[in-house]
Each structure stands twice: as structure tokens, then as C-alpha cells.
Amino acid sequence: MKLSRSVLWLSSLLLLLVVVAAATGVFFQTPGAHINVVTVRGEHATYQGSGLYRYDPASVASEGVVWDVVNLCLALPLFAVAIALSWRGSLRGRLLLGGMLFYFFYVYMQYAVMIAFNPLFLVYVTIFALSAVAFFLNLRGVDVAHLPEHFSARFPRWLFIGFPLAMSTALTLLWVGGRILPSTLAGRFPDDIAGETTLVTQAFDLGMVCPLLLSTAILLLQRSAWGYLLAGISMTFGFMMCITLPAWIAVPLIQSGQINLVEAAPFTLLCLVGLYVAGRFFWSVREEAQARPRREMAPA
């Protein structure tokens, strides 16, 4: 089924808005230098002091710029490809488009609630709001009940059950054990994120990404057709994050020569596996439905 005109127009508008948001974050510069302050918690925090993210902690500003670069160089071209493929009626395109819309929803909702108020606030809100609308409208064009018939007979179902479980477990252990509990017990944030008001990324990952990953694994385990759909969303989102996370790890290493190995090592390993798993998923998609054994036919 070809992409509807409503999703096409919404996706095209999103493409332009993300270009504006990402390009401004990368190229907009203002004079200024880092500002060192003591927060109300008694933390010694460093704020950016220049550019679009001048009122943000330096760690947040650094993440924002990395995200902007990744969005300009990878997410936007991939989104454009997904739109073009979907317009031609490609199932791969529809699954890719759904994952990219979820990715933009996740990213720009974080921008809206985590980044200090700046002139692009309404752009961030518009992006995540329209991404949600386009996401659900895009689902209408996917024949979920017959989705399993579009996957190769050699589709490694257990791989796509195991990886989401591993990723959700890693996120839970690392964020709860590495960030939330230590910060709660100490009554203050670690030095590398001093100046933040709360743990936004951790809240989004534990409250949004982990449920998506767990739902994917459970539905695939039950041989539900919806598991294949969620796998497409999860694998696309995972692919983007598997590019972004190593960049976040590399930037502080380049800037200061320091790195949090407790978080960097497992995330880097999972990212390498994630890139392979995402590629394997889309390689398994077949545009034409194939006859499947009855035990593989999943109820919607």
C-alpha cells in the first residue's frame, strides 16, 4: 500500500523542521565562554555559555550538538529514503519510516523538556507532536495480520527476541545502578552531569524505550504479527542510537581524555551488535508475501 498523502505531507514538513533544528544547533554561534557556577545542590557545574545551547550544562550542550550532527548527516537522509520507498509502496520503507518517526518523537521531546528554553522551543514541540501523528497514520498502511508472511523463512526470530531483552536489561541496570541510585543516595548528581535538573534521558529510556523493547520481545515470543511491526520500529530506533551513543562516548574522550568505562564499555559492545541486528532485520524483509508453515502464522 502506497503512502497516504497526509503522511507524505507531514513527513515532508518534518524533514524541513528537523533540518532547521539540527542545522541551527550545529551552525548557530554566539560569542561567549564556558561559565562555572555552583548550583543550589552545591555542585560545581559548567555551562556552555555560547551558541544555541548557551544556557545548558556543557555536557547537555555537547550531547545536543552530537545529536544535531547525526541528524543532519544520517537521520535526515535515512528519513528521506524511507519517505521515498514508502511512497512507492515498499514494506521496508514503511517499517523504516515508522522507526524514524519514533526516533524523532523521542529525540525532540527530549529537546523540548531537557534543553534550556531557546528560540527553537516551538520547533521542538512541533516536531515531536507531528511525529506522533504521522507515526500512527503510517501504521494504517501496514497490513499487520499478514506481516509475518513478508519475512524470510530463515528469519532468526530468537535473535530479535534476545537482543531487545539484552538491551532493555542493560539500560535498566546501567541507568538504575549507575545513575539513579548513586545520585539518590548521594543527594547530588555526578560531576559529569552537574547542572542538570533531573535525569531526563534515563526517564525516557526506562519509561519509553524499555517498554518498547520488552513488548517487541514478548510479542515475537508469542509469534504475534505485532511483534514483527514493533521489531521494525525497535531496530530502526536502535540503529540510530547505535550510531549516536558511540559518538557521545567519543566526544568527551576527545575533549578531555576522560571516559566513563562503566557505561561506555557495555554500550559500545551492544551498539556493535545492534548495528548487525538492525541490518539483519531489514535484510529479512520481503516485499512479496511468502507462504509460511502454519506454526509460523501469527495471530494479530
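Look a little higher up for the structure.
Overview of the structure. Being a predicted model, the structure only gives us computed values, none of them experimental. (Residues numbered from 1 in each chain as written. Predicted model: local features only at pLDDT ≥ 70, side-chain atom pairs only at ≥ 80, totals over all residues. Heavy atoms only, no water.)

This paragraph deals with the nonpolar core. Among the nonpolar cores identified, the biggest contains 89 residues, and Tyr103, Phe104, Tyr106, Tyr108, Tyr124, Ile127 and Phe281 are the most heavily contacted of them. Within the residue set of this core, elements represented by two or more residues are helix H1 (5-27), helix H2 (58-87), helix H3 (91-114), helix H4 (121-139), helix H5 (157-186), helix H6 (200-221), helix H7 (225-256) and helix H8 (261-284). Looking at this core element by element, the count peaks at 17 residues for H3. Excluding residues within four positions of it along the chain, Tyr124 makes contact with Ala21, Leu52, Tyr53, Tyr108, Tyr111, Ala112 and Asn118. (Core = buried A, V, L, I, M, F, W, Y, C linked by side-chain atoms within 4.5 Å. Buried < 20%, exposed > 50% of the residue type's maximum accessible area, 1.4 Å probe, protein only. Helix = DSSP H or I, 4+ residues; strand = E, 2+ residues; numbered from the N terminus. Contact = heavy atoms within 4.5 Å.)

Below, the discussion takes up the pairing of strand S1 (residues 35-38). Note that S1 and strand S2 (residues 44-47) share four bridges and pair antiparallel. Directly across from Val37, in S2, lies its bridge partner Ala45. The antiparallel hairpin formed by S1 and S2 contains five residues in its connecting segment, where Gly42 sits at a positive phi of about 85°. (Pairing = 2+ DSSP bridges.)

Right, let's get into empty space enclosed by the protein. Under the criterion given, the structure shown has three cavities of 30 Å³ or more. Estimates place the volume of the largest cavity at around 60 Å³. In this structure, the largest cavity is lined by Val60, Glu63, Gly64, Trp67, Gln110, Tyr111, Met114 and Ile115. At the level of elements, H2 and H3 are the ones that each hand at least two residues to the lining of the largest cavity. By residue number, the principal contributor to the lining of the largest cavity is H2, which donates four residues. Tallied by class, the residues present in the lining of the largest cavity amount to five nonpolar, two polar and one charged. (1 Å grid on protein atoms, 1.4 Å probe; cavity = no way out; pocket = protein on both sides within 12 Å on 5 of 7 lines; lining within 4 Å. Points joined across faces, edges and corners; volume = space filled by probe spheres on them. Nonpolar A, V, L, I, M, F, W, Y, C, P; charged D, E, K, R; others polar.)

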